[in-house]
Amino acid sequence: MSAGIPLAWLQLTKARGRLLAALAGVMFTVIFSLVQLAFQDALYTSVTLLYSHLKADIVLISPRYQCVVATENFPLRRLYQALAVDGVDSASPLYLGMMPWKNPISHRDRQILVIGFNPSPDVFDLRNVNENLHQIAEPGNILFDEGSRPEFGPVPELLRTSRPVTTELSHRQVEVDGLFRIGVNFADDGNIITSDTNFFRLLPYRSPGIVDIGLIRLKPGVDVAAARNRIEAALPGDVTVLTRQSFLDREKSFFSSSLPVGLFFRTSVLVGLIVGAVIVYQILYSDVSEHLSEYATVKAIGYHDRYLFRVVLQEALILSILGFPPGVLVSWFVVQFARSATLLPIHVTWTQVGADYLFTAFMCAIAGALAVRKLQQADPVDVF
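As the structure is a prediction and not an experimental result, all values here were calculated from the model. (Residues numbered from 1 in each chain as written. Predicted model: local features only at pLDDT ≥ 70, side-chain atom pairs only at ≥ 80, totals over all residues. Heavy atoms only, no water.)

Draft legend 1. Here's a closer look at the overall build of the protein. Within the protein, the secondary structure is distributed over 13 helices and 11 strands. Its C-alpha atoms give the protein a radius of gyration of 29 Å, clearly above 21 Å, the size a compact globule of 384 residues would have. Taken over the C-alpha atoms alone, the protein extends approximately 95 × 50 × 30 Å along its principal axes. Within the protein, the proportion of its 384 residues that are buried is 49%. (Helix = DSSP H or I, 4+ residues; strand = E, 2+ residues; numbered from the N terminus. Rg over C-alpha atoms; globule rule 2.2 N^0.38 Å. Buried < 20%, exposed > 50% of the residue type's maximum accessible area, 1.4 Å probe, protein only.)

This is the structure we're talking about:
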């Protein structure tokens, strides 16, 4: 084995141009797949950003509910019925709706997600929201997500300079009285929080008796799974009863399996691996073909095919080791740029890096395994 490693290295470095081409192929695969993994992780993280800040042990939704921007309604009385179940402490309705927001500077309209609720500290775990509950209870007052995209206007900057921000939301005048931070996701570009009373002023066709999401908090020490079963048994089939974690998992699953974006990310990683494998295979195949007579000589002096196979596989793994670090570095810069441009929570994590190297090493190993088939043509008889 120790004699094989220098031979593999010498084979690779003999043709510097070919080596650089192989490394470029490996780097392309690393960059392409790692960036896709980062975007995929950002997708699953971002779609639950809003819901992860809800104070709820049990969540009620309609069976026809799809995702945060495609909700369905159910009767408010289901929450009152849930209150009668043993172990339930409180129940709060949540109202969601996409509404046109007018940029206070450019005056252009853009759809934004509006969340309405009965002002209470039992709904959100966001400090800036709970400190301004009395403000949003006033007519026309709202809170603006400072993590929203800049197309909605420089609202945070205007507020920090003590300038009042008055604009239109759903064609009605509103005033921004504070900020909070949730951030954007693949489904919506910004968020607004206000009271349920203001919500229905903005959407007068909506009825307070129809709820988008029901939040149930249990009494301390109550088993969540058992309480969920009791609530489900007490309510009719026009609601789905989920634990908080099941609700978050359901949201991720919808974007992963029910929308093309999830399939796109998985397919993109596979395509990147295939392209990289083809490039590495062509480089190694050319290398083996060019030195076929030398391989035949090695076989003639007593080395077995297994030794030669190890040499080619070592070449493949060396390529993965040399091409991976610069690929990761370039990927990091690409992700930093994408995060600043999209405001999505895109990050390169060590878990992603580890998984990507396993993909890369596997790709190179497969390419090497395919290339060594050429060694079967290295017949020692051809040397003499």
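Draft legend 2. Geometry of helix α8 (residues 224-234). For α8, every residue scored as buried is listed here: A227, R228 and I231. End-on view of α8: buried residues confined to an arc of 105°, all on one side of the axis. In this fold, the buried residues of α8 make contact with β1 (58-61), α3 (77-83), β3 (88-102), β10 (213-218) and β11 (240-243). (Arc of directions from axis to C-beta. Contact = heavy atoms within 4.5 Å.)

Draft legend 3. Spatial organisation of empty space enclosed by the protein. For the coordinates displayed, the defined rule picks out one cavity of 30 Å³ or more. Of the voids in this model, the largest cavity is the one considered here, and its volume is about 60 Å³. Lining the largest cavity are Q11, L12, A15, R18, L19, I283, L284, D287 and E315. Listed by contribution, the elements that provide at least two residues to the lining of the largest cavity are α1 (4-14), α2 (16-46) and α10 (260-290). Among the elements that take part in the lining of the largest cavity, α10 stands out by supplying three residues, more than any other. Its residues assigned to classes, the lining of the largest cavity shows five nonpolar, one polar and three charged. (1 Å grid on protein atoms, 1.4 Å probe; cavity = no way out; pocket = protein on both sides within 12 Å on 5 of 7 lines; lining within 4 Å. Points joined across faces, edges and corners; volume = space filled by probe spheres on them. Nonpolar A, V, L, I, M, F, W, Y, C, P; charged D, E, K, R; others polar.)

Draft legend 4. Inspection of the packing of α2 against helix α13 (residues 350-371) at higher detail. Contact pair α2 / α13: the axes reach a minimum separation of 10 Å and the direction vectors enclose 140°. Two packed elements cross with a definite hand, and for α2 against α13 that hand is right-handed. Between α2 and α13, the contacting residues are V26, T29, V30, S33, L34, L37, A38 and D41 on the first element and Q352, V353, D356, F359, T360, M363 and C364 on the second. For the contact of α2 with α13, the residue count by class is nine nonpolar, four polar and two charged. (Axes fitted to C-alpha atoms, helices over the stretch in contact; angles between N-to-C directions. Left-handed = near helix turned anticlockwise from the far one by under 90°.)

Draft legend 5. Structural detail: the pairing of strand β5 (residues 141-145). For β5, the tally of buried residues reaches five of five residues, placing the bulk of the element in the interior. Where burial is concerned, the two faces of β5 agree: the one with N141, L143 and D145 and the one with I142 and F144 are both buried. Pairing between β5 and strand β7 (residues 172-180): five bridges, direction parallel. Looking across to β7, one finds that L143 is bridged to G178. The pairing of β5 with strand β8 (residues 191-195) spans two bridges and is classified as antiparallel. In the strand pairing of β8, F144 is matched with I192. (Pairing = 2+ DSSP bridges.)

Draft legend 6. View of the nonpolar core. Ranked by size, the top nonpolar core spans 36 residues in total, and within it L60, W101, F144, L169, I216 and I231 carry the most contacts. Among the elements that take part in this core, β3 stands out by supplying four residues, more than any other. In this structure, I231 is in contact with I58, L60, A82, V85, V88, I216 and V241, ignoring residues within four places of it in sequence. L19, L273, V312 and C364 belong to the second-largest nonpolar core, a separate cluster that totals 32 residues. (Core = buried A, V, L, I, M, F, W, Y, C linked by side-chain atoms within 4.5 Å.)

Draft legend 7. Spotlight on the pattern of salt bridges. Scanning all chains against the criterion turns up 10 salt bridges. For R149, the salt bridge identified is with E151, shortest N-O distance 3.0 Å. One salt bridge in this structure joins E232 and R228, with 3.1 Å as the shortest N-O distance. Here R228 and E232 lie together in helix α8, a separation of four residues that amounts to about one turn. (Salt bridge = Lys/Arg side-chain N within 4 Å of Asp/Glu carboxyl O.)

Draft legend 8. Expanded view of unusual backbone geometry. Look at H107: it is not a glycine, yet its phi comes out positive at around 65°. Of note, H107 is situated in the loop between β3 and β4 (109-117). The backbone of H171 shows a phi angle near 65°, a positive value even though the residue is not glycine. Along the polypeptide, H171 turns up in the loop between β6 (165-169) and β7. Judged by its relative accessible area of 60%, H171 falls in the exposed class.

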